[in-house]
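# Inside the fold
Chain residues, written in single-letter form:
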Amino acid sequence: MNENTFYINISGKKGDNRVPSRLLEEMIQNAVEQGHRAIEVRAYGQHGIGGRLWRAGDEKINIRIQGQSGQRTGSLGYPNTEIEIMGPASDDIGWLNAGAHITVHGNASNGVMNGAAQGRVYIGGNIGARGMTMTKRNPRFDPPELWVLGSAGDYFGEFMAGGIAVICGWEPILQNPQASVLGYRPMVGMVGGKVFFRGDAGGFSEKDARIIPINDRDWEWLCTNLNDFLCGINRVELFDTLSKRSQWKLLRARTPQEKMVTPGTLSMEAFRQDVWDRELGRGGLIGDLQEIEKGAIPLITRGNWRRFVPVWEHAKYKAPCQAACPTGIPVQERWHLIRNGLADEAQAMGLKYTPFPATVCGYLCPNPCMASCTKNLQYMTPVDVRLLGRAGEDTPLPSPAGKSAKKAAVIGAGPGGISAAWHLALKGHGVTIFDESDKIGGKISSVIPDSRIPRETLEKELERVTKMIPDIRLNHGITPRSFAKIKKEFDYVIVAAGTKKPRMLPVPGIELAVSANDFLALAKVDKVKPGKRVVIIGAGNVGCDAATEAHRLGAEIITLIDVQKPAAFGREKKEAESVGATFQWPCFTKEITSMGVHLDDGEVIEADTVVISIGDVPDTQFLGPDIETCNGFVRVTPFNQTSDPTVFAIGDITGPGLITDAIGAGRRAAEAIDSIIAGKEPAPTDSRPEIEKSRVKLEYFNPAVKDYHSLDQCGSECASCGRCRDCGICIHVCPEGAIERVEKPDGTFEYQSDPERCIGCGFCKGACPCGIWEMVSNVPM
């Protein structure tokens, strides 16, 4: 590149901190995307600099590296990339090179051009061990080239399958014309390519390679490219010294014919006749058991001769997102519908699993589905399920099944109780909800701040609930007597009463504090004035909600204290920190006074309001002695059935959990009741195992996506783990054309592999984006 070319500078340090390799690569990729084609990098040992710069297309990119380049500089380099390292280089320069031209002005350590298929590397010094190993050659492209001014370390050219190496031996030959320039045991396992060198080859593997004369064509190629090499490393003055033909030798791989077995070794045919048949086969010990007739077995086997056969395992496994969802929503199926332009159907599917797709999936859920997304394995941004949830706000009411004669009561109109009632109604059963409050929704309606969820969204979804479940009886407290009456009137009862009794600290002055639920309920209707200083005892997510509400209502100094590291996480913690709330731990409360909170170490944290947020406990007294409890919570089976077979319990009354845990338990209990009504044993609705994430190929998806802006974008970026995208890649990569797509009478499809054409190579498995194809052992003959 012209000396006057303007280079933009990217530093591998920010202040005194070294930039991680992955972030430095993103900075370089972003610069290329912005149109920069000359980039100078100040490196501090970062790996992989200059690799994978595909965004520029065919435009040339020049990368100049100052400082200390780390391992694998130029790895997976593209043909449009030229990299110049202004000093020595670390391991694996040009690893898996796919066309980049790399120049090192100094020595390079081990693994230069390891696994390269194209491209050229110039080294202005010596290289370490195992240079040019496992290289390959595609006849459609120029072979990979390695030029070294000095010598190479041990095991050079190990398993070399293609390419050209030129080892000039400049300094060693100056000292000793017969010096070894290829280190210990070069060319072991060499099967292709050739190596030009001066000096001695140092005991190369003669069974794998041989020295041959340099013909005129090879000499002309060497001289022409030697001049380019010396110009590239700024040592053109050495051309006359290095261009003496008598000093050069040429190693090339032995052909298969040249590697024929040594005299005296039995051929396969001789072994069969003289050893096998005589001792074991026909007339031998197991001759009567031998059924396979003598004959040639093809080198590439098909049919029953294959060791492994491909199996199309579409929908055999759950996607990780579905497996992690407490409600069991098949997220990947919904993205499949989105990809196929069926957005309405995708939203309708959501209502089959939850009555709160927008409220919970879109806003309140911490989204374990996204946390378990396979894309996290490669530090890619998981597909944003929240967009899909929020789009379900206006989804029409689904149609329930035909009415049954059975009736169920649900005690508690929180998210878990509503979920249970919703799914019972979808199954066609009569259902009545009882709740002591004057509105439905539980803590979603009465406690969770409006900053967490738009009020309009919640009201729309609650209105949809009332249309599905018209019989909702509010202001209806439950006593042991009324519970017994409900059990008599209804065939089944689902208890979803939640945890409404706050845990309070046994310390003097506790009467001066307010529970988090009471504080949040008053704050939601603006009926509390917290003052300027607020202390919240208990730094979980509910405590964070109290902090954000306190700030909204005028608090200026907000402190959350805990006896241990705060359990808060996610959006709630971030919002609390954003309003200036501070976390302090470990703190042990000794007393609460009008001054504030007194700790056992003598510190006093001043407060106008003290909020207690250390959890809640259920009130189970109304259930009576027939319902078993454990540590204050109702004991249930995996299908949420209590010790009374007609009574089920879900949500926080069975143990602490997420809102989605309660919604999922409501669905599970409703389906168990539906199964019992139908005369069946309760069973999981989807018992499939989770797919192994390693089967999914993330190379097809864009790692640069950081945010999602539309459902279509999310659908296209979903890896569809375990669910065939019908992309046809397996058909195109199969070298034998053995795979075809078959339409079924019901409108579905299947990919089938023809055993008479399939060779069991596994290309279909290796290329499948979704992990659908698996290679299994063939049936023994």
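As a starting point, this report considers the structure included with it. (Residues numbered from 1 in each chain as written. Predicted model: local features only at pLDDT ≥ 70, side-chain atom pairs only at ≥ 80, totals over all residues. Heavy atoms only, no water.)

## Some points on the nonpolar core
Ranked by internal contacts, the top residues of the largest apolar core, which has 49 residues, are Ile63, Leu146 and Phe156. Tallying contributions element by element places helix α1 (residues 21-33) first for this core, with four residues. (Core = buried A, V, L, I, M, F, W, Y, C linked by side-chain atoms within 4.5 Å. Buried < 20%, exposed > 50% of the residue type's maximum accessible area, 1.4 Å probe, protein only. Helix = DSSP H or I, 4+ residues; strand = E, 2+ residues; numbered from the N terminus.)

## A short note on the packing of helix α7 (residues 331-339) against helix α8 (residues 343-351)
Close contact between α7 and α8 brings their axes to 7 Å; oriented N to C, the two are set at 160°. With respect to α8, the element α7 is oriented roughly antiparallel. The hand of the α7/α8 crossing is right-handed. Contact with α7, carried on its side by Glu333, Arg334, Leu337 and Ile338, involves Ala343, Glu345, Ala346, Gln347, Met349 and Gly350 of α8 and no other residues of that element. Its residues assigned to classes, the contact of α7 with α8 shows five nonpolar, two polar and three charged. (Axes fitted to C-alpha atoms, helices over the stretch in contact; angles between N-to-C directions. Parallel < 35°, antiparallel > 145°, perpendicular 65-115°, else oblique. Left-handed = near helix turned anticlockwise from the far one by under 90°. Contact = heavy atoms within 4.5 Å. Nonpolar A, V, L, I, M, F, W, Y, C, P; charged D, E, K, R; others polar.)

## Here's the deal with the sheet that holds strand β1 (residues 8-11)
Taken in spatial order, the eleven strands make up an open sheet running β1-β4-β5-β6-β7-β8-β9-β10-β11-β13-β12, and their pairing is mixed. Strands at the two margins of the open sheet, each flanked by one partner only, are β1 and β12 (209-212). Taken over all neighbouring pairs, the strand axes of this sheet differ in orientation by 20° on average, direction set aside. Looking at chain direction, strand β7 (residues 98-104) and strand β8 (residues 118-123) are connected through five bridges and run parallel. (Pairing = 2+ DSSP bridges.)

## Things to note about unusual backbone geometry
The omega torsion across Trp585 and Pro586 is -5°, close enough to zero to call that bond cis. With respect to the helices and strands, Pro586 occurs in the loop between β23 (582-584) and β24 (589-592). Phi at Asp526 is positive, roughly 55°, even though this residue is not glycine. Among the structural elements, Asp526 can be located in the loop between α16 (516-524) and β21 (533-537). The phi dihedral of Ser720 falls on the positive side, at around 55°, and the residue is not glycine. Of note, Ser720 is situated in the loop between α20 (711-717) and α21 (729-733).

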